[in-house]
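Structural features, examined
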Amino acid sequence: MIERPKIYKFKGLKTLICRNDNSFSTSCLVLVKTGTDWERKRINGIAHFLEHLYFKGTKNFPNFRILSENIEKIGGTFNAFTFYEYTGFYIKVLPDYAKDALFILSDIILNPLFPEEEIEKERKVVLEEINMKQDDPERLISDLGINLIYGDQPAGWPVLGTKESILNISRKDILNFMKKNYSRKNTLIVVSGKIKNEKEILESIKKYFANYENRKLSKKIKFKKPKNFYQEKIYNKKVEQAHIFIGFPSKGFVDLKDKVFDFSLFSDALGGRASSRLFIKLREELGACYCLFSSFNDFTNRSFLEIRSGLNSQLIKEYIEEIVNELVKIKKGGFNKEELEISKNQFKSSLSFNLEDSYSLGLFYGIRYLFKNKIETPLEIYKKIDSVKEDNLKKIANEIFRFNNTKFVIIAAEGFKNSFSKIFDKLD
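If you're wondering where the values come from, they're calculated on a predicted model, not measured in any experiment.

**What to know about the overall build of the protein**
For the protein, the helix and strand inventory stands at 17 helices and 11 strands. In summary, the protein has a C-alpha radius of gyration of 23 Å against a globular reference of 22 Å for 428 residues, a match within 12%. Along the first, second and third principal axes, the C-alpha set of the protein runs to 60 × 50 × 35 Å. The burial tally for the protein puts 55% of its 428 residues in the buried class.

**So, the sheet that holds strand S7 (residues 231-236)**
Here we have 5 strands laid out as an open sheet, ordered S7-S11-S8-S10-S9, and mixed in their pairing. Either end of the sheet is taken by a strand with one partner, and the two such strands are S7 and strand S9 (289-298). The average angle at which neighbouring strand axes cross in this sheet is 10 degrees, direction not considered. Two elements, strand S8 (residues 242-250) and strand S10 (residues 303-311), share 9 bridges in a ladder whose sense is antiparallel. Across the sheet, Phe248 pairs through a bridge with Leu305, a residue of S10. Along the sheet, helix H12 (residues 316-333) makes contact with S8, S9, S10 and strand S11 (407-412), crossing S8 at roughly 30 degrees.

**Digging into the packing of helix H11 (residues 277-285) against H12**
Running from N to C, H11 and H12 cross one another at 150 degrees; their axes reach a closest spacing of 11 Å. If you check the angle between H11 and H12, you find them roughly antiparallel. For the pair H11 and H12, the sense of crossing is right-handed. Judged by residue contacts, Arg277, Leu278, Lys281 and Leu282 of H11 engage Tyr319, Glu322, Ile323, Glu326 and Ile330 from H12.

**Observations regarding helix H2 (residues 64-73)**
Regarding H2, the residues found buried are Leu67, Ser68 and Ile71. The arc that holds every buried residue of H2, seen down its axis, measures 90 degrees, which confines them to one face. In H2, the exposed positions angled more than 90 degrees off the buried face are occupied by Arg65 and Lys73. Lining the buried residues of H2 we find strand S4 (77-82), strand S5 (87-93) and helix H3 (98-110). N-cap assignment for H2: the residue whose side-chain oxygen lies 3.1 Å from the backbone N of Arg65 is Asn63. Two residues or fewer past H2, Gly75 is found with a positive phi of approximately 75 degrees.

**Points about the layout of surface pockets**
The computed volume of the largest pocket comes to approximately 1100 Å³. For the largest pocket, the lining is made up of 23 residues, of which Ser264, Asp298, Phe364, Ile367 and Arg368 are closest to its centre. Sorting the residues of the lining of the largest pocket by element identifies helix H10 (259-272), S9, helix H13 (337-354) and helix H14 (358-372) as the ones contributing at least two each. With 7 residues, H14 is the single largest residue contributor to the lining of the largest pocket.

**Some remarks on the sheet that holds strand S2 (residues 13-19)**
Taken in spatial order, the 6 strands of this open sheet run S1-S2-S6-S3-S5-S4, and their pairing is mixed. Looking at the sheet topology across the chains shown, the edges are occupied by strand S1 (6-10) and S4. Strand-to-strand twist of the sheet, defined as the mean angle between neighbouring strand axes without regard to direction, takes the value 15 degrees. Pairing of S2 with strand S6 (residues 187-193) involves 6 bridges; the strand directions are parallel. Looking at S6, one finds that Lys14 is bridged to Leu188. Contacts between helix H1 (residues 46-53) and the sheet are confined to S4 and S5, with S4 contributing the most and set at about 165 degrees to the helix.

The rules behind these values
- Residues numbered from 1 in each chain as written.
- Predicted model: local features only at pLDDT ≥ 70, side-chain atom pairs only at ≥ 80, totals over all residues.
- Heavy atoms only, no water.
- Helix = DSSP H or I, 4+ residues; strand = E, 2+ residues; numbered from the N terminus.
- Rg over C-alpha atoms; globule rule 2.2 N^0.38 Å.
- Buried < 20%, exposed > 50% of the residue type's maximum accessible area, 1.4 Å probe, protein only.
- Pairing = 2+ DSSP bridges.
- Axes fitted to C-alpha atoms, helices over the stretch in contact; angles between N-to-C directions.
- Contact = heavy atoms within 4.5 Å.
- Parallel < 35°, antiparallel > 145°, perpendicular 65-115°, else oblique.
- Left-handed = near helix turned anticlockwise from the far one by under 90°.
- Arc of directions from axis to C-beta.
- Polar contact = N/O pair within 3.5 Å; in protein donor to acceptor, adjacent residues only side chain to side chain.
- 1 Å grid on protein atoms, 1.4 Å probe; cavity = no way out; pocket = protein on both sides within 12 Å on 5 of 7 lines; lining within 4 Å.
- Points joined across faces, edges and corners; volume = space filled by probe spheres on them.

Now the structure itself:
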């Protein structure tokens, strides 16, 4: 049974306990409200670089091999992630080893060594991660699309950084970023899944994180709203098929509030599942592509709906026309009741399935509490989902599917040249 999470505070450090007694595992997470949105251009990618370096040696586990061995000795799996507005670290273990996992996580966050030789080695690793993304147009197109929407500011920069910025980041930069962006003020500890002794878990957190400093934090870089006119960009690259990104920016979840659920359902009905509008039209009826989907990406101060696809290089113009024609139909007629009901059921089932896993349970509650400072249970979210009407989705279509709000990026074969503005102009 999944209980409503409990909130605890120890000298400003917030902790969430998310119990699911039917789980076979326990996940321990450290979530920090920092990421690419706090970076300067010269050090773009430093939040992600720092996340890597936390695992390269600590006071009690002086190198990665010793650290990873000690996690694996207790049967644990571990990882970390960086995004624009948050960074996370987690260890997933059997319930008997939750205390051990918390000790290791505390040592990672409180006692990193950042040896110069490890920084240089990991710099090469991050550069290869950048190379990997550059070689994968399906992933690269996302960075290019985000950059076109938000431009030359943190919101438009790649989370991984650029080769130039990664090569220029020094150990001093790393230490400065850590001191200015890691504090008990912006950190949330989450323990989720099966919890054998809650009191013992809380005492462990209080003990292991006792010396976590309550530093003054740096301010997030001021966000500039996207330009309100049509933009397109063509990137020529040696590829077998073309890859496209169509983005429609909107407000952040602070302003959208519960309307984020409308956007999520809209995205699902548009291209988020096998029976969605775009999937049926472009893949099943026309056989024009293999990869196609839409998604809604929201942040505190911005959001965007995206359509991404890989397609036959000989059918680019026709393919884009079919997408735009479908968007025009949705602006006029919206989605029907059956389409909306399918999306509601898909949303609820996806959420339910994810919450069966201790890590996903902790992340679900943790991210929401980190940014909204409140608890929303699945049942409370289901009620909001059920309240969405067909007219809500039609309003979204007419709000965002506008020519001046369209951002289009394509990765196409070398020598490809074209303009798609006349096609997208149909949206008005």
